[in-house]
Amino acid sequence: MDNNNIKMQSVDLNAWFGTKQALKDINISMKANTITAIIGPSGCGKSTFIRTLNRMHELAPTAKLTGQILLEGQNIYDPNVDPVMIRRRVGMVFQKPNPFPTMSIYDNVAAGLKLTGAHKNKNLDEIVKHSLQQATLWEEVKDDLKKPGTSISGGQQQRLCIARAIALKPEVIFMDEPTSALDPIASAKIEKLVVELKKNYTVAIVTHNMQQASRVSDYTAFMYLGSLIEFGATKDIFESPKNQLTERYITGEFG
């Protein structure tokens, strides 16, 4: 991997919740404008890993972390780094669509900008429109912007959550099983969107769906029991994995 093009990386990353170690010496590098799939059985540390990458992990009262996470070479856990700024630069989309239920479609997209004060001296209408366009949702909702964010379908709600993340102009977007609650048609739209997003963002997607990982990602990381078992180009991981455990997981022997 070309070190000059690395957007974000974890270096000897360990994480705990209380006495339970959730991550063990994770070293992963994500290149700019690529998609990394993070696969592995439930409870292997996938969600914990991406939460450490935008400092959400530390919000848990018993959380502890060692090692480094570098965003363009800067350790995001340095004492002088503002976690709120990191969460703006590193967007997160969750498993279940979670639009703010009391807000309109428009206000859902604008919410992050207003919370962080980033909307000052900016044209909110333009940002909302552009974000919804990037999330391939504008044409479907442009006449219903005042309706509640929860009034649209599950797949549309998930794209609304992606638009909300995009509105803050992040550099990196992480998605934690973004299609697991959606039907196949809505899932296909999200997959197509994920591939589109890498033109402008560095993307990582946690998924249990092997076909999805092979379809959308450039690189794949396989995790098991808190450890990184194998990481490399998706084609190599799926066609000629180096580790027998990786092969067994991909072929459905366990997981």
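Quick caveat, the model's predicted, so the values are computed rather than measured.

Trainee: Help me understand helix α6 (residues 154-167) in this model?
Mentor: Think of an α-helix as turning once every 3.6 residues; residues three or four places apart then point the same way. In a regular helix each residue adds 1.5 Å, so 14 residues correspond to 20 Å; α6 covers 20 Å between its end C-alpha atoms and thus fits that length. Counting buried positions along α6 gives 13 out of 14 residues, so the element sits mostly inside the fold. Of the residues flanking the end of α6, it is K169, one or two places downstream, whose phi is positive at about 55 degrees.

Trainee: What's the story with helix α7 (residues 184-197) in this structure? I'm lost.
Mentor: With 14 residues, α7 extends 20 Å between its outermost C-alpha atoms, agreeing within 8% with the 20 Å of an ideal straight helix rising 1.5 Å per residue. Restricting attention to buried positions, one finds in α7 the residues A186, S187, I190, E191, L193, V194 and L197. Along the axis of α7, the buried positions cluster into a sector of 165 degrees, meaning they face one direction only. Exposed and oriented more than 90 degrees from the buried face of α7 are P184, I185 and K192. N-cap assignment for α7: the residue whose side-chain oxygen lies 3.0 Å from the backbone N of I185 is D183.

Trainee: Can you walk me through the packing of aromatic side chains in this structure?
Mentor: Two numbers describe a pair of aromatic rings. These are the distance of the centres and the angle of the planes. The final tally for this structure, using the stated rule, is 4 aromatic pairs. Considering the side-chain rings of F222 and Y249, the 5.1 Å spacing of their centres and the 25 degrees angle between planes classify their relative orientation as stacked. Residue F222 is found in strand β9 (residues 219-224), and its partner Y249 is found in helix α10 (residues 244-250); the two are separated by 27 residues along the sequence. Summarising the burial analysis for this pair, F222 and Y249 share the class buried.

Trainee: Looking at this structure, how should I read the pattern of salt bridges?
Mentor: Side-chain pairs of opposite charge can arise whenever the charged atoms involved come near each other. One pass over the structure, following the stated rule, counts 15 salt bridges. Across the pair E171 and R89 runs a salt bridge whose closest N-O atoms are separated by 2.6 Å. Linking E171 in the loop between α6 and β7 (172-176) with R89 in helix α2 (residues 83-89), this pair joins segments that are 82 residues apart in sequence. Taking the relative accessible area as the measure of exposure, E171 reaches 23% and is therefore partly exposed. Look at R89 and you get buried, because its relative accessible area is 18%. One salt bridge connects D218 with K198, and the closest N-O pair in it is separated by 3.0 Å.

Trainee: Could you clarify how one ought to interpret the pairing of β9 in this entry?
Mentor: Put simply, side chains in a regular strand alternate between the two faces of the sheet. Of all 6 residues in β9, 5 are buried, a share of seventy percent or more. Pairing between strand β3 (residues 35-39) and β9: 4 bridges, direction parallel. Residue pairing in the sheet places A37 in a bridge with T220 of β9. Sheet topology note: the β9/strand β10 (residues 227-233) ladder contains 6 bridges and is antiparallel. Looking at β10, one finds that Y219 is bridged to A233. Connecting β9 to the antiparallel partner β10 that follows it, the hairpin turn spans 2 residues, and L225 within it adopts a positive phi of roughly 50 degrees.

Criteria and cut-off values
- Sequence order sets the numbering: in each chain, residues are counted from 1 along the sequence as written.
- Totals for whole chains, interfaces and linings use all residues, but because this is a predicted model, local features are given only for residues with pLDDT of at least 70 and pairs of side-chain atoms are given and counted only at 80 or more.
- For side-chain calculations, the full set of non-hydrogen atoms in the structure is used, while hydrogens and water are omitted.
- What counts as a helix is a DSSP run of H or I of at least four residues, what counts as a strand is a run of E of at least two, and both are numbered from the N terminus.
- What a helix should span is 1.5 Å times the count of its residues minus one.
- Residue burial is assigned from relative accessible area. The probe radius is 1.4 Å, only protein chains are included, and a residue is buried under 20% of its type maximum, exposed over 50%, and partly exposed in between.
- The directions considered for the arc run from the helix axis to the C-beta atoms.
- N or O atoms within 3.5 Å of each other form a polar contact, as long as, within protein, one can give a hydrogen and the other can take it, and as long as residues adjacent in sequence are counted only when both atoms are side-chain atoms.
- Only Phe, Tyr and Trp rings are paired, with Trp represented by its six-membered ring, and only when their centres lie within 6.5 Å; those with planes under 30 degrees apart are stacked, over 60 edge-to-face, the remainder tilted.
- Definition used for salt bridges: Asp or Glu carboxyl oxygen within 4 Å of a side-chain nitrogen of Lys or Arg.
- In this analysis, strands are considered paired if DSSP registers two or more bridges between them.

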